[in-house]
Structure formats: C-alpha cells, structure tokens
Amino acid sequence: MRGVRGEPVVPQLARVTVTLPPVDRAALVATRRDLHQHPELGFEEQRTSTLIAERLRQLGYAVRTAVGKTGVLAQRDGAAGRCVLLRADMDALPVEEANDVPYRSKHPGRMHACGHDGHVAIGLEVARRLHAAYLPGSLKLAFQPAEEISYGAEAMIRDGALDGPTVDAAFGIHLWNDLPTGTIGVMPGAVMASVDEFEITILGRGGHAAAPHQTTDPVLIAAHIVTGLQSLVSRRRNPFEEGVVSVTQLNAGHAFNVIPGRAELRGTVRTFGGQFFEHAPRLVEQTTQGIAAAFGATAEVRYRRLTAPLVNDERMTLLMTGVARNIVGRERVIAGVRTMGGEDMSFFLAKVPGTFAFVGSAPPGKPASPHHSPTFDIDEEALVIGAELLTRTVVEYLESGR
Ligand code: NI
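Residues numbered from 1 in each chain as written. Predicted model: local features only at pLDDT ≥ 70, side-chain atom pairs only at ≥ 80, totals over all residues. Heavy atoms only, no water.

**Considerations on the overall build of the protein chain**
Alright, step 1. If you tally the helices and strands in the protein chain, you get nine helices and 16 strands.
Alright, step 2. For 402 residues, the compact-globule estimate of 2.2 N^0.38 gives 21 Å, and the C-alpha radius of gyration of the protein chain, at 24 Å, lies within 12% of that figure.
Alright, step 3. Sorting the 402 residues of the protein chain into buried and exposed places 55% on the buried side.
Alright, step 4. Looking at the protein chain as shown, the accessible area adds up to about 17,300 Å², and 53% of this sits on carbon and sulfur atoms.
Alright, step 5. Once the 41 positive and 44 negative side-chain charges of the protein chain are each reduced to a mean point, those two points are 3 Å apart. (Helix = DSSP H or I, 4+ residues; strand = E, 2+ residues; numbered from the N terminus. Rg over C-alpha atoms; globule rule 2.2 N^0.38 Å. Buried < 20%, exposed > 50% of the residue type's maximum accessible area, 1.4 Å probe, protein only. Areas by Shrake-Rupley, 256 points an atom, 1.4 Å probe, with all protein chains shown as cover. Lys, Arg positive; Asp, Glu negative; His and termini not counted. Charge placed at Lys NZ, Arg CZ, Asp CG, Glu CD.)

So this is what it looks like as structure tokens:
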C-alpha cells in the first residue's frame, strides 16, 4: 500500500486494550550487566540459559530447555488467536574486553561485544510485562544460542521452535551502535546480508627462492587469486545488486628463502540476494581454478553458505513501524538502515512473516564503538526502548488479528 507521496501507509494502531505494567529500567540494567560479566560463546550458553529458564519459570511460562542445544523456548498459550514469536540471541564473542567499567567481563578472551546481553535482558523484561497482561493470542519467546556462528536459529527451528502451536509471525531486534539512542531503524525487504564462507587451498610445488623456475609458486598464485576475486564485484556482478567479496586470511610459507608448496586463503561473500547470490559459489570456484591452472597449479575450493539474506515482511514491517513511531516519534523512525553484516534471524523470517528492527544504542555525546570491537558498549537507555518496542509489537499484532 502506498500513500499519495509514494511512501508506505502505516496503519492506524488497533486500540490497545491490554494493560501493561511499566518498564522496569533498573531490572533491565541489572540483568544486562550480570550477563555482560559472564559472557558465553555459541552453544556454550549454560549459565545464561539456566538464568533465563529460571526467570521464565518463576513468571509462570511453560519452559523448554535444550531447544537447539543451549536454547530456551518459553510459551504462553492464549485461549484463541494467533501465535507470535519473539527471538533474542544470547551468545558472546571471543574478544578481550578493553572497557574499564564495573560490569566488565569476568572471563578473559570472552565478551558481549555485540549487545546480545541486552537482547536477553530485553527478552526477559518483555516476558515479565506480557505475562502480567491478558493477551488475545499465544506468545513464544525464543532465547537463541550461537547467532555469531550462524547455527543457532536453524538448531532451534529443527527442535520445533516454530511448531505446536504453529507460529504466525516473528519479531526481533538488534541494539545498534550505528544509530543514536532514541532512534529505531526499520524497513521492509532485505536488511541484512547473506553470509557465505570460502576456503581455498592452492597446491603448487615448493623449492629454493633463488630458483623459482623449478617451483610452482603458490604465493604468487594466491596474490593473483585475491585480485581476481575482487573483480567479481566490479566486473561480474550487476551494479544494481549489492555485494561484497573479502579475502580475510592468507597463509603460506615459513622461511624467507623457501618457496612453499601450498597457500591457503579464506574469505566471505555478502549479498542481499539476487543473481550475484545465486552465482557467487560458481564464480569463486571458476576464478580460482582458472587462475591456478594458468600458473600450472591446482586448487581446492570449499564454499559454504552460512545464512541467507534477512528479509523483512512488508505488512509486519508497517505494523512495527507504527509501534515504533508511537514510542520514539515519527521523525525518529528511520527507513533505509541496512548492513552487509549477517544475522541468522533470517532462518526464522524465511519460514514465517516478521520483522527485524535496529534499536539505536549509541551512547550520546561520544563516538560509539563498533559492534565486535573490544571497547563496544551500549547506552542502556536503549534497553527501555527495545523492551517497549517488542512488548507493544506483540500486543499490536495479537490485537489487530481479532
Ligand atoms: Ni549481533
């Protein structure tokens, strides 16, 4: 649906008859800081999932643990109506925290450097508020492991997160340091990229650095392959399609005077779907094999698709946009926020319509540290906005379906 000026018409919100308790800011901050001090990597979220399951049981939810290894699924059945799922990821990263804050990570080499501690705190606060309210439908809360390694969402879906009752819509958020606190980025269509990983082994022939004619030099071949792969984006992709190819690892050799026998490359391809997404595996293989063969070497290419692009449903996005405008004001809801980063919420949204929004969390007055950096931190006011957004989206979705 388009308005007079071509912009999507955001529907009037249904009259909210559900009474909600106010957001408990102190509880949000306390939970987030507790989790921040005890970060756990993908599929190792034992403490985190135990804490989540205990809190949800206390609230009165039916709780299933070990859904997708360390995932937690909470459920509250309504007498009738549709079923909505909220998803919060809960894993941390292998990053050494460099922040000097009272709630600093207590575990060397592990850190909540992407804000998933905040997502869990928000999920629990939404659970608390919605459990106290009458809801015209069913609610599921999926606390998902292993988002950073892209396996958690699939694991939860495989273990039945979307079944019994069948989920009709799914929503999620990411705290987002590219946006200031008080803003929300949400738009229909692809907003996060597909993530592919490739590993290449070049098999040449080693020998003396002073007699290169007796060798097949995999280092030189690797350099040509790095350059050749860059031409995929500039010369093989339709310029109207988005795409990134990055070679991120290059390993070869162990001495200055020895030409090694093999070289290894690793990297990633990112797209928002389309032809380049379809063709990328073949293009990487073809370019690599062609260059290796031209130099008299052989190559092995291992290509893995990790996540598909995350695609927001148009109708669900309009619904969430309406809710977001009510919370932060029309001018603070920003369309056009997209990233070539990946997000395995895409697996949920490939199965059911829904939306994934970015909740601004850049601390005011100072430059925000990027996600995954050792100085990452969030403005905790964003927790309140995230909790409001998801709580009211659930209510709006279930009410509008009556
Ligand atoms: Ni993240």
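**Let's talk about the pattern of salt bridges**
Alright, step 1. According to the stated counting rule, one finds 20 salt bridges in the structure shown.
Alright, step 2. Between E197 and R304 there is a salt bridge, and its shortest N-O distance comes to 2.4 Å. Linking E197 in strand β8 (residues 194-203) with R304 in strand β13 (residues 298-307), this pair joins segments that are 107 residues apart in sequence.
Alright, step 3. We classify E197 as buried; its relative accessible area is 12%.
Alright, step 4. R304 gets classed as partly exposed once you look at its relative accessible area, which sits at 41%.
Alright, step 5. Among the ionic pairs, E242 bridges to R338, the shortest N-O distance being 2.6 Å. Of this pair, E242 sits in the loop between α5 (218-236) and β10 (243-252) while R338 sits in the loop between β15 (333-334) and α8 (345-351), placing them 96 residues apart in sequence.
Alright, step 6. Taking the relative accessible area as the measure of exposure, E242 reaches 29% and is therefore partly exposed.
Alright, step 7. In this structure R338 comes out as partly exposed when scored by relative accessible area, which is 37%.
Alright, step 8. If you follow the salt bridges from partner to partner, you end up with E197, E199, R266, E300, R302 and R304 in one network. (Salt bridge = Lys/Arg side-chain N within 4 Å of Asp/Glu carboxyl O.)

**Some thoughts on the sheet that holds strand β12 (residues 262-271)**
In a beta sheet, neighbouring strands pair by backbone hydrogen bonds and run either parallel or antiparallel.
Alright, step 1. Sheet architecture is open: four strands sit in the order β10-β12-β8-β13, paired in antiparallel fashion. Of all strands in the sheet, those with a lone pairing partner are β10 and β13, marking the two edges. When strand polarity is set aside, the average angle formed by the axes of neighbouring strands in this sheet is 15°.
Alright, step 2. Where β8 meets β13, nine bridges bridge the pair, whose relative direction is antiparallel. (Pairing = 2+ DSSP bridges. Axes fitted to C-alpha atoms, helices over the stretch in contact; angles between N-to-C directions.)

**Some details on the sheet that holds β15**
Alright, step 1. Spatially, the eight strands line up as an open sheet ordered β1-β2-β4-β3-β5-β16-β6-β15, and their pairing is mixed. A single partner strand is all that each edge strand has here, and the edge strands are β1 (62-65) and β15.
Alright, step 2. The pairing of strand β6 (residues 184-185) with β15 spans two bridges and is classified as parallel. Counted as the bridge partner of I184 is V333 from β15.
Alright, step 3. Running over the sheet, helix α7 (residues 314-328) touches β5 (169-180), β6, β15 and β16 (354-362) and is turned about 50° from β5.
Alright, step 4. Packing against the sheet, helix α9 (residues 381-400) makes contact with β3 (83-89), β4 (138-144), β5, β6 and β16, and its axis sits at approximately 155° to β5. (Contact = heavy atoms within 4.5 Å.)

**With respect to the coordination of the nickel ion**
Alright, step 1. Protein coordination at the nickel ion comes from C114 (SG), H116 (NE2) and H174 (NE2), with a distance range of 2.1 to 2.4 Å.
Alright, step 2. In this structure C114 comes out as buried when scored by relative accessible area, which is 7%.
Alright, step 3. On the basis of relative accessible area, H116 is assigned to the buried category, the value being 0%. (Donors = N, O, S within 2.8 Å, 3.2 Å for Na, K, Ca; no water.)

**Notes on the domain arrangement of the protein chain**
Alright, step 1. In terms of domain boundaries, the protein chain breaks down into domain 1 (25-192 + 309-400) and domain 2 (197-307).
Alright, step 2. Taking the mean C-alpha position of each, domain 1 and domain 2 sit 37 Å from one another.
Alright, step 3. With 15 residues of domain 1 at the interface, the matching set in domain 2 holds eleven residues.
Alright, step 4. Each partner contributes to the roughly 990 Å² buried at the junction of domain 1 and domain 2, and carbon and sulfur atoms together form 63% of this total.
Alright, step 5. Interface area lost by domain 1 to domain 2 is led by P309, R338 and M340, which between them contribute 56%.
Alright, step 6. Joining domain 1 to domain 2, the criterion identifies three residue pairs in polar contact (both at pLDDT 80 or more).
Alright, step 7. Those elements that provide at least two residues to the side of domain 1 that touches domain 2 are β7 (189-192) and α8.
Alright, step 8. Residue contributions to the side of domain 1 that touches domain 2 peak at three residues, all from β7.
Alright, step 9. Of the residues assigned to the side of domain 1 that touches domain 2, the class counts are seven nonpolar, five polar and three charged. (Domains from an automatic or database assignment. Buried area = accessible area lost by both parts, 1.4 Å probe. Polar contact = N/O pair within 3.5 Å; in protein donor to acceptor, adjacent residues only side chain to side chain. Nonpolar A, V, L, I, M, F, W, Y, C, P; charged D, E, K, R; others polar.)

**Here's the deal with helix α3 (residues 116-131)**
Alright, step 1. In this model α3 runs 22 Å from its N-terminal to its C-terminal C-alpha over 16 residues, within 8% of the 22 Å that 1.5 Å per residue would give.
Alright, step 2. Burial analysis of α3 places 14 of its 16 residues in the buried class, the great majority of the element. (Expected span 1.5 Å × (residues − 1).)

**What to know about unusual backbone geometry**
Alright, step 1. G164 connects to P165 through a cis peptide bond whose omega is -5°.
Alright, step 2. Of note, P165 is situated in the loop between α4 (152-158) and β5.
Alright, step 3. Unusually for a residue other than glycine, K69 sits at a positive phi of about 60°.
Alright, step 4. Relative to the assigned elements, K69 resides in the loop between β1 and β2 (72-76).
Alright, step 5. Overall, the relative accessible area of 58% leaves K69 in the exposed class.

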